[in-house]
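Close look at the chain arrangement
Below are the chains, spelled out letter by letter.
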Amino acid sequence: MSLFDGDRAEMIEVLKKKEIKNEEVLRVMGEVERHLFMPEYSRRRAYEDCALPIGFGQTISQPYTVAVMTELLFPQKDDKILEIGTGSGYQAVILSKLGCRVFTIERNVDLGRRAEQIFKTLNLRIASKIGDGTLGWKEYAPYNGIIVTAGAPVIPEQLQNQLKDGGRLVIPVGDKKSQTLIVVDREGNNFKQKEIDGFKFVPLIGKEGWKEIG
Ligand code: SAH
């Protein structure tokens, strides 16, 4: 039992009210201790349905956003999943607990190292590296799924190319203020797109992303 168990149960009720239906996603989000992924000053609000600061001008995504993106990605056990934007490591852990083989990339060294420490503490095998995620992670490609947790100006070509046939990419695309979630399904060399409106993410910065913040 932990101090936050009640809060976490309430968070799950909120997600259900907002039409999150995938039982596995609800179960895993009900188990993972979200407060462990944030600095002390954000923990009090860890289970509120909002994004919270994790330092270095970055945020841990809102629980609803994590749930929606995971539902859209629709990962199956043993799927190979690439995440761009490790941040706190929370999304990566949710995917790992769903039984996926997770690869995650973060550009901020301090955040990347902190997340690696949490993966170790939780005894999870998650492959992580520091780098520009807009270029993907070629060595382990192709992936069944790729999830980008920062807002991109365009869909990075390298990410589409690193999808398996039948694989799916979930990525927020838009301007810096608001984005549309785009789901890209690869069928051979065709990439079918579907759009879901109205989400807000921190910017994806890199070669095929935004230039430095400004
Ligand atoms: N998935 C995270 C959300 C973090 S916010 C979580 O569960 O907490 C998005 C993260 O993307 C930030 O940490 C930011 O530093 C990172 N980011 C931005 N551009 C990137 C890039 N090109 N490659 C890798 N990470 C990037």
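For the structure itself, look to the data block above.
Residues numbered from 1 in each chain as written. Predicted model: local features only at pLDDT ≥ 70, side-chain atom pairs only at ≥ 80, totals over all residues. Heavy atoms only, no water.

**Digging into the sheet that holds strand β8 (residues 179-187)**
- Strand order in this open sheet of seven strands is β5-β4-β3-β6-β7-β8-β9, and the pairing throughout is mixed. Bordering the open sheet on either side are β5 (126-130) and β9 (190-199), each of which pairs with just one other strand. In this sheet, adjacent strand axes meet at a mean angle of 15° when their direction is disregarded.
- When strand β7 (residues 163-174) meets β8, the two strands line up antiparallel, connected through seven bridges. If you follow Arg 168 over to β8, its bridge partner there is Asp 185. (Pairing = 2+ DSSP bridges. Helix = DSSP H or I, 4+ residues; strand = E, 2+ residues; numbered from the N terminus. Axes fitted to C-alpha atoms, helices over the stretch in contact; angles between N-to-C directions.)

**A few points about the pairing of strand β3 (residues 80-84)**
- The buried count for β3 comes to five of five residues, which makes it a mostly enclosed element.
- By the alternation rule, side chains of β3 split into Lys 80, Leu 82 and Ile 84 and Ile 81 and Glu 83, which are all buried.
- As paired elements, β3 and strand β4 (residues 101-106) share five bridges and run parallel to each other. Within β4, the position partnered with Ile 84 by the bridge is Ile 105. (Buried < 20%, exposed > 50% of the residue type's maximum accessible area, 1.4 Å probe, protein only.)

**Considering the pattern of salt bridges**
- Under the counting rule described, the total for this entry stands at eleven salt bridges.
- The residue Lys 16 makes a salt bridge to Glu 13 at a minimum N-O spacing of 3.6 Å. Taken as a pair, Lys 16 and Glu 13 lie in helix α1 (residues 5-17) at a separation of three residues, close to a single helical turn.
- The exposure class of Glu 13 is partly exposed, given its relative accessible area of 41%.
- Through salt bridges with shared partners, a single network forms among Glu 24, Arg 27 and Glu 31. (Salt bridge = Lys/Arg side-chain N within 4 Å of Asp/Glu carboxyl O.)

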